[in-house]
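Architecture and fold: a report
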Amino acid sequence: MMVAMPKPTYPKRTFSGARQAVKRRMLRGAVAVEFALLLIPMLLLALGAAEYGRALYQYNTLVKTVRDSARLLSQYNPAADPADYSLALTQARCLAVHGNTGCSGPELAPGLTTGMVKIASATATTDAGTVITLVEVKIEGYQFEFVLDPLKLMGTGKDTLAFDEIRATMSQL
């Protein structure tokens, strides 16, 4: 038969109030050091996310303006009236760069020029024998410039991010 042994009791160790105050003061400095060590990587992460978010915003802006320019040109028939179409080409380039057909105001994206906007027309014949005229508007060679790239601070980043060709194709009248 087993006999239950009583649980041993140990005296509680207590610290004097003065020792507790010293301990608290020592920990206060440790928290400040930990915060300082974590602040730098957290700031780099936040700045990197903000810069790449800005790059995506500019890319999306360029995609929309190229689509709007192609939509503008889809309303014209280049064979019917070449003079009107020539004016529409100029307006489409202005629309892609400035957001309006009058070429007024700042560029929608810094460094974007009308020379980067390329417009091409092509005709295609369907199986049913219908001739379709297509217009393609694209932006080539646009470079997004970082304001502050965290990768560059660490020595591995670049000053710019090259966007691929941004293009939109629509059929014309």
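For the structure, check the block above.
This write-up is about the structure you can find in this document. (Residues numbered from 1 in each chain as written. Predicted model: local features only at pLDDT ≥ 70, side-chain atom pairs only at ≥ 80, totals over all residues. Heavy atoms only, no water.)

**Here we look at the overall build of the protein chain**
The test is simple: Only runs of H or I of at least four residues qualify as helices and only runs of E of at least two qualify as strands under DSSP, and these elements are numbered from the N terminus. Both definitions apply: the radius of gyration is a C-alpha atom measure, and the globule rule equals 2.2 Å times residues to the power 0.38. Categorising residues by exposure relies on relative accessible area from a 1.4 Å probe, with only protein chains included: less than 20% of the type maximum marks a residue as buried, more than 50% marks it as exposed, and the intermediate range marks it as partly exposed.
Scanning the protein chain from N- to C-terminus turns up three helices and five strands. Listing each helix as α and each strand as β along the protein chain from the N terminus yields α-α-β-β-β-α-β-β. On C-alpha atoms alone, the protein chain measures out to a radius of gyration of 33 Å, which is more than a quarter above the 16 Å that the 2.2 N^0.38 rule sets for 173 residues. Taking all 173 residues of the protein chain together, 24% fall into the buried category.

**Comments concerning the state of the cysteines**
Note the following rule: In what follows, a disulfide is any cysteine sulfur pair within 2.5 Å.
Scanning the entire structure with this criterion turns up one disulfide. With a sulfur-sulfur separation of 1.6 Å, Cys94 is cross-linked through a disulfide to Cys103. Across the disulfide from Cys94 to Cys103, rotation about the S-S bond amounts to roughly -80°, and the bridge is consequently left-handed. By relative accessible area, which is 4% here, Cys94 ends up buried. Judged by relative accessible area, Cys103 falls into the partly exposed class, the value being 35%.

**So, the packing of aromatic side chains**
Quick reminder of the rule: Whether two aromatic rings pair depends on their centres lying within 6.5 Å, for rings of Phe, Tyr and Trp, where Trp uses its six-membered ring; planes under 30 degrees apart make the pair stacked, over 60 edge-to-face, and the rest tilted.
With the rule as written, the count across this model stands at five aromatic pairs. Taking 5.3 Å as the distance between ring centres and 65° as the angle between the ring planes, the aromatic pair formed by Tyr52 and Phe146 counts as edge-to-face. Note that Tyr52 is positioned in helix 1 (residues 17–73) and Phe146 in the loop between strand 3 (143–145) and helix 3 (150–153), a separation of 94 residues in sequence. Judged by its relative accessible area of 36%, Tyr52 falls in the partly exposed class. For the ring pair Tyr59 and Phe163, a centre distance of 5.2 Å and an interplane angle of 80° mean the geometry is edge-to-face. Here Tyr59, found in helix 1, pairs with Phe163, found in the loop between strand 4 (160–162) and strand 5 (166–171); they are 104 residues apart in sequence, far enough to count as distant. Note on Tyr59: relative accessible area 33%, which makes it partly exposed. Note on Phe163: relative accessible area 12%, which makes it buried.

**Re the pairing of strand 1 (residues 117–125)**
The criterion, for reference: Two strands form a pair only when DSSP identifies at least two bridges running between them.
Pairing analysis gives nine bridges linking strand 1 to strand 2 (residues 131–139), with the strands arranged antiparallel. Along strand 2, the bridge assignment pairs Ile119 with Val137. Between the antiparallel neighbours strand 1 and strand 2 lie five residues, among them Gly129 with a positive phi of about 90°.

**What about a nonpolar patch on the surface?**
Filter applied, for reference: Two joining distances apply to patches: 9 Å for like charges and 5 Å for nonpolar side chains (Val, Leu, Ile, Met, Phe, Trp, Tyr), and every residue must have over 30% relative accessible area and no salt bridge. Computed with a 1.4 Å probe, the accessible areas rest on the Shrake-Rupley method; for each residue, only the protein chains presented here act as cover. Salt bridge, as applied in this entry: a Lys or Arg side-chain nitrogen positioned within 4 Å of an Asp or Glu carboxyl oxygen.
On the surface, Leu47, Val147, Leu148 and Leu153 cluster together into a nonpolar patch covering about 360 Å² of accessible area. By secondary structure assignment, the location of Leu47 is in helix 1.

**Quick notes on helix 2 (residues 82–98)**
Defined as follows: Expected helix span is taken as 1.5 Å per residue step, with the number of steps being one fewer than the number of residues.
For helix 2, built from 17 residues, the straight-helix expectation of 24 Å at 1.5 Å per residue is met to within 8% by its first-to-last C-alpha distance of 24 Å. Positioned one or two residues after helix 2, Gly99 has a phi angle of 85°, which is positive.

**So, the nonpolar core**
In plain terms, the rule: Nine residue types can take part in a nonpolar core, namely buried Ala, Val, Leu, Ile, Met, Phe, Trp, Tyr and Cys, and a core is a set of them joined through side-chain atoms within 4.5 Å. We call two residues contacting when some pair of their heavy atoms lies within 4.5 Å.
Core analysis: the largest hydrophobic core is formed by 26 residues, its most contacted members being Leu62, Leu73, Leu112, Ile139 and Tyr142. Of all the secondary-structure elements, those providing two or more residues to this core are helix 1, helix 2, strand 1, strand 2 and strand 5. Once you skip the residues sitting within four places of it in the chain, Leu112 turns out to touch Leu62, Ala96, Val97, Glu107, Ile139 and Tyr142.

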